Protein chains: 2
Amino acid sequence: MAWDTARTRQLLLDAAVEEFAEHGPEGARVARVATRAGINKERIYQYFGSKEKLFVAVLESELQKLAAAVPLTDEQAADLGDYAGRVFDYHHTHPHFVRLLAWEGLLCQDRVAAECERTDHYAEKIATVTAAQRNGTLTDAVGAGELMHAVIALTASWFTLPQLTRMLMSPAARSGPEHQRAALVTVVRRLTS
Amino acid sequence: MAWDTARTRQLLLDAAVEEFAEHGPEGARVARVATRAGINKERIYQYFGSKEKLFVAVLESELQKLAAAVPLTDEQAADLGDYAGRVFDYHHTHPHFVRLLAWEGLLCQDRVAAECERTDHYAEKIATVTAAQRNGTLTDAVGAGELMHAVIALTASWFTLPQLTRMLMSPAARSGPEHQRAALVTVVRRLTS
DNA sequence: TCCATGTCCAACCCATTGGTTGGGAATGAG
DNA sequence: CTCATTCCCAACCAATGGGTTGGACATGGA
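An unreviewed UniProt entry lists chain A under the name TetR family transcriptional regulator, from Streptomyces noboritoensis.

*Asks:* Mind showing me how you'd approach the side chain of E104(A) here?
*Replies:* Assignment of secondary structure puts E104(A) in helix α6 (residues 96-107). When sequence neighbours within four positions are dropped, the list of residues in contact with E104(A) reads L59(A), V112(A), A113(A), R118(A) and Q163(B).

*Asks:* Even after reading the chapter, I still don't get the interface of chain A and chain B, so can you show me in this structure?
*Replies:* Of the residues lining the interface, 54 residues belong to chain A; the matching set on chain B comes to 54 residues. Carbon and sulfur atoms make up 66% of the surface buried where chain A meets chain B, a total of about 4800 Å² over both sides. Our count for the chain A to chain B interface comes out at 2 salt bridges. Close ionic contact of E115(B) with R166(A) constitutes a salt bridge, the shortest N to O distance being 3.0 Å. Counting only elements with at least two residues in the side of chain A that touches chain B, the list comes to α1 (5-27), α6, α7 (115-135), α8 (144-160), α9 (162-169) and α10 (177-192) of chain A. Sorting elements by how many residues they give to the side of chain A that touches chain B places α8(A) first, with 11 residues. Grouping the amino acids of the side of chain A that touches chain B by side-chain chemistry returns 25 nonpolar, 17 polar and 12 charged.

*Asks:* Honestly, a negative patch on the surface in this entry has me stumped. Any pointers?
*Replies:* Residues and elements named next belong to chain A. There is a patch of like negative charges on the surface, built from E60, E117, D120 and E124. With respect to the secondary-structure elements, E60 resides in helix α4 (residues 51-69). A relative accessible area of 35% places E60 in the partly exposed class.

*Asks:* In this structure, what is going on with the relation of the copies chain A and chain B? I would like to understand it.
*Replies:* The relation between the two copies of this chain is a rotation about an axis and a shift parallel to it. After a rotation of 180 degrees and a shift along the axis of 0.0 Å, chain A superposes on chain B with an RMSD of 0.1 Å. Such a combination of rotation and displacement between the chain copies is what one expects of a two-fold axis. When each C-alpha of chain A is compared by its distance to the rotation axis, L191(A) comes out closest, at 2.6 Å. Interface overlap between copies is the fraction of interface residues in one copy that are interface residues in the other; for chain A against chain B it reaches 100%, indicating a shared surface.

*Asks:* Would you mind showing me how to read the UniProt feature "DNA-binding region" (unreviewed entry) in chain A here?
*Replies:* Look at the UniProt record and you will see "DNA-binding region" (unreviewed entry) annotated at residues 29-48 of chain A. Helix makes up 80% of residues 29-48 of chain A and strand makes up 0%, while its end C-alpha atoms are separated by 15 Å.

*Asks:* Quick question: what am I supposed to make of the environment of A132(A) here?
*Replies:* Residue and element names in this part refer to chain A. Tracing the backbone through its elements, the reader meets A132 in helix α7. Separated by 27 residues in sequence, A132 and F159 place their C-alpha atoms 28 Å apart. With sequence-adjacent residues up to four places away left out, A132 is seen in contact with A77, T137 and L138.

*Asks:* Any chance you could explain the domain arrangement of chain A here in plain terms?
*Replies:* All names here are of chain A. Each assigned domain of chain A is listed here: domain 1 (1-59) and domain 2 (70-192). Centre-to-centre, using C-alpha coordinates, domain 1 lies 28 Å away from domain 2. The interface is formed by 13 residues belonging to domain 1 together with 7 residues belonging to domain 2. Our enumeration of links across domain 1 and domain 2 arrives at 0 salt bridges. Here domain 1 is connected to domain 2 by 2 residue pairs in polar contact (both at pLDDT 80 or more). When residues of the side of domain 1 that touches domain 2 are traced back to their parent elements, those giving at least two are α1 and α4. Ranked by the residues each element gives to the side of domain 1 that touches domain 2, the list is headed by α1, at 9 residues. In terms of residue class, the side of domain 1 that touches domain 2 is built from 8 nonpolar, 2 polar and 3 charged.

The rules we used
- Residues numbered from 1 in each chain as written.
- Chains lettered and ligands numbered in written order.
- Predicted model: local features only at pLDDT ≥ 70, side-chain atom pairs only at ≥ 80, totals over all residues.
- Heavy atoms only, no water.
- Helix = DSSP H or I, 4+ residues; strand = E, 2+ residues; numbered from the N terminus.
- Contact = heavy atoms within 4.5 Å.
- Buried area = accessible area lost by both parts, 1.4 Å probe.
- Salt bridge = Lys/Arg side-chain N within 4 Å of Asp/Glu carboxyl O.
- Nonpolar A, V, L, I, M, F, W, Y, C, P; charged D, E, K, R; others polar.
- Patch = residues over 30% accessible without salt bridge, like charges linked within 9 Å, V, L, I, M, F, W, Y side chains within 5 Å.
- Areas by Shrake-Rupley, 256 points an atom, 1.4 Å probe, with all protein chains shown as cover.
- Lys, Arg positive; Asp, Glu negative; His and termini not counted.
- Charge placed at Lys NZ, Arg CZ, Asp CG, Glu CD.
- Buried < 20%, exposed > 50% of the residue type's maximum accessible area, 1.4 Å probe, protein only.
- Least-squares fit on C-alpha atoms with pLDDT ≥ 70 in both.
- UniProt positions renumbered as here; feature names shortened; annotations may be inferred.
- Domains from an automatic or database assignment.
- Polar contact = N/O pair within 3.5 Å; in protein donor to acceptor, adjacent residues only side chain to side chain.

This is the structure in structure tokens:
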């Protein structure tokens, strides 16, 4: 077998994504990452340097994935409800990112990884939304930033606050993901109509 | 000085609230709780048994505080925007609870502390909202549970995802708490009108 | 063939941390 | 005064976990 350092690195990164998403930066165990990846622990330090740097790498990797997977075109900006639904679907099939984001929010009070790029990324989304607002296809009763914030908050909370969902929704036993998605889309559409 | 065991217990609990809110259940250090409280570490084990049990005590304590501090009367249910604003104010002056809630959501996937009481508590709120909906003073376009979920999610995210706020809102530099509160109230009113 | 590099393994180092223990001092009820 | 209780202090224990090291084998290019 040829040495495939890129593959080794990727295996470690994938395992780290799962580990960090599951247990958070504090609870994550370096040894467990290595075991998950089927790679020796020391490799982590060679490729990433430290647990913290590994976390940063994990976060950046997941950020790219999400940005690539759920775009927001000018036309789509007219229906943010649909956009929220697609973000929901992404989180549902890739439950790692949103948890990483939540942990980052709780732990990193000052600066976060790739803050500049991410700010730019969000600025693009906001520009798209603003354009739709000027365009008249989207309400301008609420600022574009506030709108995006609301969409992200509403979408993420289904995954980051599952205990709330359980305690709020259980009475009617209708808390399947389809229902959650529908509720999200409805709420966002109502917010933007 | 008389022995005041209730005070000692309370000092420990208060210190634990801060420690757990700041660092989370994993990052919290028992020794630091003791130091914060100015009480010896061993007392914690006498009064609470273990770190985990201390966390449960902390959570229950904060739950009671919030429930007592921000009620929702039948009349107030007509304006959920105002209610959201008051919850925001509570979180702003008592930033512990919402962080504890977020950590709980990430760590405790199955059961959480005092789940029954909390479910009941939320059921009351939902009943109030439902009454307002039947009453006609509140839209019934969205279910009561979904509405409460949205309100909580929108309110909490300002505190649990500060990095988002920074990256989304910074362009206009208008991200003071007053603005956040106003945006929240607007959004919720728009959602419920 | 030689050799730099990737990898595994296993042990190791050391700081941290949850939790315990024993001794002794303060307190206040009886 | 006596004594059970509360408390502090300091040391201690066992386990965990981040990070390192050294030795050995595989690989493939020069």
